[in-house]
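Tertiary structure, described
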Protein chains: 2
Amino acid sequence: MLTMLAEGEARKGPPLPAMMGAERKSRAENALLPPRTTLFLEGFSRSPQYRVLEGCVATSQTLTDGRRQIIDLVGPGRLVGLGFGDRNRYSAETLGLTRLEPVAETLSPGDLEASLGEMLARSQALAMLLGRKTAPERVASALLDLAGQFGRPARQQKRGAVTFHLFPTRTDLADWLGLTVETVSRCFTRLKKAGLIDFQHSDRVTLLEPLHLARVAAGDRPLS
Amino acid sequence: MLTMLAEGEARKGPPLPAMMGAERKSRAENALLPPRTTLFLEGFSRSPQYRVLEGCVATSQTLTDGRRQIIDLVGPGRLVGLGFGDRNRYSAETLGLTRLEPVAETLSPGDLEASLGEMLARSQALAMLLGRKTAPERVASALLDLAGQFGRPARQQKRGAVTFHLFPTRTDLADWLGLTVETVSRCFTRLKKAGLIDFQHSDRVTLLEPLHLARVAAGDRPLS
DNA sequence: CGGTTATTTGATGGGGGTCAATGGTCGTGG
DNA sequence: CCACGACCATTGACCCCCATCAAATAACCG
């Protein structure tokens with residue numbers, strides 16, 4: 001999947017223009033949205049809810065001075081836009097070609113509860129990662145998380161190796177993991193040199209040793 | 001993927017004894033629980049839910065090597081123990097003399113949704129704090145949060161100053177804010193010297209300039 | 001009052017941030 | 001088809017914030 005750059009979305013600064021019209025398109029017939037499509041913005045009036053069918057959506061909050069924290073990366077099957085009150089508590093944008101399915105405002109209490117519970121668990125896991133894990137541990141954890149969401153069960157490789165498309169850029173990963181682009185890149189290099197992962201392309205990665213990677217993620221192994 | 005901790009998780013300092021009998025007491029007639037009472041432990045079978053009436057409860061997760069992350073500090077009026085699945089996803093302990101009220105397993109969908117939404121919002125705010133804020137910003141944010149939960153509306157002081165009991169120790173605060181005890185202490189000292197806060201006692205604090213403090217918390221002001 | 005634990009303060013070092021330059025990839029236009 | 005330009009990723013040099021290590025109070029308790 002190429003990164004077709006339809007929108008010249010300069011993501012550098014925090015201008016984040018208001019292309020809110022995206023909803024209309026997806027509502028029509030589950031169209032494919034291009035990368036860097038803003039679904040809704042933090043602070044704006046409450047937007048509809050979606051289920052991700054293909055692709056990836058990032059939810060984030062931004063400080064007044066532009067510092068950004070990605071709250072979650074959402075892959076196929078999961079919901080985006082659940083919230084309370086009349087304002088969005090975070091922004092959401094697509095990270096790749098993404099297909100969304102609108103979800104009824106009122107889903108069954110059970111589904112809603114389950115979905116909220118999952119979001120809560122993931123948010124708490126992120127807090128643990130941000131508060132107490134080192135940079136290599138964070139990057140390893142991120143790769144395992146993404147493998148779970150985007151990894152194909154296809155195992156043409158040996159020993160449970162998993163290959164998948166890395167939707168987030170290095171900058172996205174940095175904003176997710178509380179690091180900088182440079183640190184993320186350096187961690188990748190170290191993991192690669194340690195033989196735990198490999199890149200076919202900067203956005204296509206293979207986990208060669210998921211078990212070792214999991215031990216790095218848990219802090220059981222210092223990584224060389 | 002929860003690490004179902006086996007049993008005697010030695011976390012250096014506090015041995016975290018297995019006084020799970022606490023539930024029984026509170027169930028009887030909302031008794032006052034002493035500080036450092038464990039309500040339930042991460043990984044153990046699902047425990048009942050409570051509403052905090054007085055005092056403070058900390059929820060936390062612990063890595064296998066002992067690193068601890070406090071997920072939330074819960075004050076009067078809020079719920080503890082909501083979760084899904086058959087295992088607790090975090091531990092909970094009292095931080096001071098605390099009175100709990102057992103809450104029915106099945107609260108109204110509305111209440112449950114509201115409570116989960118609040119937990120989610122707080123967890124996301126914590127992620128932003130941990131991922132993108134500096135140490136002084138974190139400490140200032142924490143003080144404002146605790147003032148909101150524990151501050152009396154009593155304003156015997158001038159200009160909206162708020163005094164309240166600091167239930168968490170420096171270590172608790174460090175584990176909440178992703179810092180060390182020393183850094184928390186140093187930030188307190190700096191805030192005190194800047195005239196933004198004052199201590200009557202190490203666990204009794206007054207916010208002298210809540211507005212300035214809020215600007216520090218938001219990163220609008222570098223703190224001298 | 002002595003022993004224990006929490007907090008504060010100081011000295012030092014390292015992990016990761018910042019700044020800067022190079023290299024790689026892709027899309028566009030000649 | 002290749003050159004150019006824009007953008008992303010990688011790598012290196014340097015530095016700073018905060019962790020670490022250590023010690024001195026300060027509060028607590030029997």
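A brief report on the enclosed structure follows. Note that this is a predicted model, so its numbers are computed, not measured. (Residues numbered from 1 in each chain as written. Chains lettered and ligands numbered in written order. Predicted model: local features only at pLDDT ≥ 70, side-chain atom pairs only at ≥ 80, totals over all residues. Heavy atoms only, no water.)

Once that is clear, we can look at the protein's contact with DNA strand C. Surveying the vicinity of DNA strand C reveals 17 residues, the closest of which are Ala135(A), Thr183(A), Arg170(B), Ser185(B) and Thr189(B). Taking all atoms of DNA strand C within 4 Å of the protein, the share assigned to sugar and phosphate is 66%. Contact between DNA strand C and Thr183(A): a phosphate oxygen at 2.3 Å from a side-chain N or O atom of the residue. Among the secondary structure elements, those contributing two or more residues to the surface near DNA strand C are α3 (135-150) and α5 (181-193) of chain A together with α5 (181-193) of chain B. Looking at which element gives the most residues to the surface near DNA strand C, the answer is α5(B), with 4 residues. Across the surface near DNA strand C, the residue classes tally to 3 nonpolar, 9 polar and 5 charged. (Near = heavy atom within 4 Å. Polar contact = N/O pair within 3.5 Å; in protein donor to acceptor, adjacent residues only side chain to side chain. Helix = DSSP H or I, 4+ residues; strand = E, 2+ residues; numbered from the N terminus. Nonpolar A, V, L, I, M, F, W, Y, C, P; charged D, E, K, R; others polar.)

All names here are of chain A. Among the 7 residues that make up strand β5 (residues 68-74), 7 are buried, leaving the element largely enclosed by the rest of the structure. Relative to β5, strand β4 (residues 57-62) is paired through 6 bridges, and the arrangement is antiparallel. Across the sheet, glutamine 61 pairs through a bridge with glutamine 69, a residue of β5. In this structure, the hairpin formed by β4 and β5 is closed by a connection of 5 residues, where glycine 66 is found at a positive phi of approximately 100°. (Buried < 20%, exposed > 50% of the residue type's maximum accessible area, 1.4 Å probe, protein only. Pairing = 2+ DSSP bridges.)

All names here are of chain A. Considering all chains together, one arrives at 28 salt bridges over all chains under this definition. In this structure, the salt-bridge partner of arginine 68 is aspartate 172, at a minimum N-O distance of 2.9 Å. Placement of the pair is arginine 68 in strand β5 and aspartate 172 in helix α4 (residues 170-177), with a sequence separation of 104 residues. Take arginine 68 and aspartate 172: they sit in the same class, and that class is buried. (Salt bridge = Lys/Arg side-chain N within 4 Å of Asp/Glu carboxyl O.)

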